[in-house]
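These are the residues of each chain, in order.
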Amino acid sequence: MLDKKTAKLINEQVTLEFYSAYLYLDFANFYTDQGLDGFAHWFEIQAQEERDHAMLMRTYLQNNNVHVEFGTINKPEGKYKDLMSPLTAALEHEQFITKSINKIYGAAHEEDDYRTMQFFNWFVKEQGEEEKNVDDIIKKMKLFGSDPKSLYALNQDLLARVYAAPTLVL
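The rules behind these values
Residues numbered from 1 in each chain as written. Predicted model: local features only at pLDDT ≥ 70, side-chain atom pairs only at ≥ 80, totals over all residues. Heavy atoms only, no water. 1 Å grid on protein atoms, 1.4 Å probe; cavity = no way out; pocket = protein on both sides within 12 Å on 5 of 7 lines; lining within 4 Å. Points joined across faces, edges and corners; volume = space filled by probe spheres on them. Helix = DSSP H or I, 4+ residues; strand = E, 2+ residues; numbered from the N terminus. Nonpolar A, V, L, I, M, F, W, Y, C, P; charged D, E, K, R; others polar. UniProt positions renumbered as here; feature names shortened; annotations may be inferred. Buried < 20%, exposed > 50% of the residue type's maximum accessible area, 1.4 Å probe, protein only. Contact = heavy atoms within 4.5 Å. Polar contact = N/O pair within 3.5 Å; in protein donor to acceptor, adjacent residues only side chain to side chain. Lys, Arg positive; Asp, Glu negative; His and termini not counted. Salt bridge = Lys/Arg side-chain N within 4 Å of Asp/Glu carboxyl O. Axes fitted to C-alpha atoms, helices over the stretch in contact; angles between N-to-C directions. Parallel < 35°, antiparallel > 145°, perpendicular 65-115°, else oblique. Left-handed = near helix turned anticlockwise from the far one by under 90°.

Asker: Is there a simple way to think about the layout of surface pockets in this case?
Answerer: The gaps left among the atoms become clear once a water-sized probe is rolled over them. Reported here for the largest pocket is a volume of approximately 240 Å³. Around the largest pocket sit 13 residues that line it, and Tyr19, Leu23, Glu77, Tyr80 and Ala89 are the ones nearest its centre. Elements with a minimum of two residues in the lining of the largest pocket: helix 1 (4-33) and helix 3 (85-110). Ranked by residues supplied to the lining of the largest pocket, first place goes to helix 3 with four residues. Here the residues of the lining of the largest pocket are counted per class, giving six nonpolar, three polar and four charged.

Shown next as structure tokens:
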């Protein structure tokens, strides 16, 4: 049985994951408006992944007889000054999510809740990948973003991203 603190943190994380999806769709809208369908596509897939994460955590709570309680999903600000703004906001957001995941892991560790720790091992690893992926795009934008041909190539590269469902087993 999950202790109350860990269950509360996971419930809160479900809402944060749904917010992440909402935020990434907002970034996708921005890039669509700029004519960068590859950037939009990349963030649409990110949004799908975040929804998947929320659903996995929801199922985990249900499988442990914890009532799932959805919180309010805030509206993204949607004010981006340039093509780099959503990318840097995405990296900052992923770093925030990493801290939140680590907090859940720490709470489970305090309670010797090895099942929850094992479940969240996947998310800890996933967050490392999430941060690296956004950081890699930021580095490419800094290198190539000011050149229209290179920006086009990067946009095409991002358009080729394929959605892959999470491989976490509950």
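Asker: Would you explain the UniProt feature "domain: Ferritin-like diiron" (unreviewed entry) in the chain in this entry?
Answerer: Here, the residues flagged by UniProt with the feature "domain: Ferritin-like diiron" (unreviewed entry) are residues 1-145. Segment residues 1-145 splits into 79% helix and 0% strand. End C-alpha atoms: 50 Å apart.

Asker: What's the story with the UniProt feature "binding site: Fe cation" (unreviewed entry) in the chain in this structure? I'm lost.
Answerer: The feature "binding site: Fe cation" (unreviewed entry), as given by UniProt, occupies Glu17, Glu50, His53, Glu94 and Gln127 in the numbering adopted here. Taken together, the annotated residues stretch across 111 residues yet fold into one region, lying no more than 13.2 Å apart by C-alpha. Secondary-structure assignment places glutamate 94 in helix 3. Glutamate 94 sits in the buried class, given a relative accessible area of 1%. Discounting residues that sit within four places of it in the chain, glutamate 94 has contacts with Tyr24, Gln46, Glu50, Gln127, Glu130 and Glu131. Within the structure, the side chain of glutamate 94 is placed 2.5 Å from the side chain of tyrosine 24, a separation counted as a polar contact.

Asker: What should I look at first to understand the side chain of glutamate 17 in this one?
Answerer: Note on placement: glutamate 17 falls in helix 1. As a buried residue without a salt bridge, glutamate 17 has its nearest oppositely charged side chain in arginine 51, at a separation of 11 Å. A distance of 2.8 Å separates a polar atom in the side chain of glutamate 17 from a polar atom in the side chain of glutamine 13. Only 3.5 Å separates the side chain of glutamate 17 from the side chain of histidine 53, close enough to count as a polar contact. With residues near it in sequence (within four places) discarded, glutamate 17 still touches Glu50, His53, Ala54, Met57, Ile97 and Ile101.

Asker: Hey, could you run me through the packing of helix 3 against helix 4 (residues 114-144) in this one?
Answerer: Between two packed helices, the angle of one axis relative to the other and the distance separating the axes together describe the packing. Close contact between helix 3 and helix 4 brings their axes to 9 Å; oriented N to C, the two are set at 165°. Our classification of the angle between helix 3 and helix 4 gives roughly antiparallel. For the pair helix 3 and helix 4, the crossing hand works out as left-handed. When the residues that make up the contact of helix 3 with helix 4 are grouped by side-chain class, the tally is 16 nonpolar, eight polar and four charged.

Asker: How should unusual backbone geometry be read in this particular structure?
Answerer: Excluding glycine, residues mostly have negative phi values, and the peptide bonds linking residues are mostly trans. Backbone geometry at asparagine 65 places phi at a positive 55°, although glycine is not the residue there. Considering the arrangement of structural elements, one finds asparagine 65 in the loop between helix 2 (37-63) and helix 3. Of the residues examined, asparagine 65 reaches a relative accessible area of 68% and is grouped as exposed. A positive phi angle is found at aspartate 112, which is not glycine, with a value near 50°. Here aspartate 112 is to be found in the loop between helix 3 and helix 4.

Asker: Quick question: what am I supposed to make of the pattern of salt bridges here?
Answerer: Should their charged atoms come close, side chains of opposite charge can pair. Enumeration according to the criterion identifies six salt bridges in this entry. Here lysine 5 and glutamate 110 are joined by a salt bridge, their closest N and O atoms 3.6 Å apart. Of this pair, lysine 5 sits in helix 1 while glutamate 110 sits in helix 3, and the two are 105 residues apart along the sequence. With its nearest N and O atoms 2.9 Å apart, the salt bridge here joins lysine 125 to glutamate 129. Here lysine 125 and its partner glutamate 129 are both found in helix 4, four residues apart, which amounts to about one turn of the helix. Given a relative accessible area of 56%, lysine 125 falls into the exposed group.

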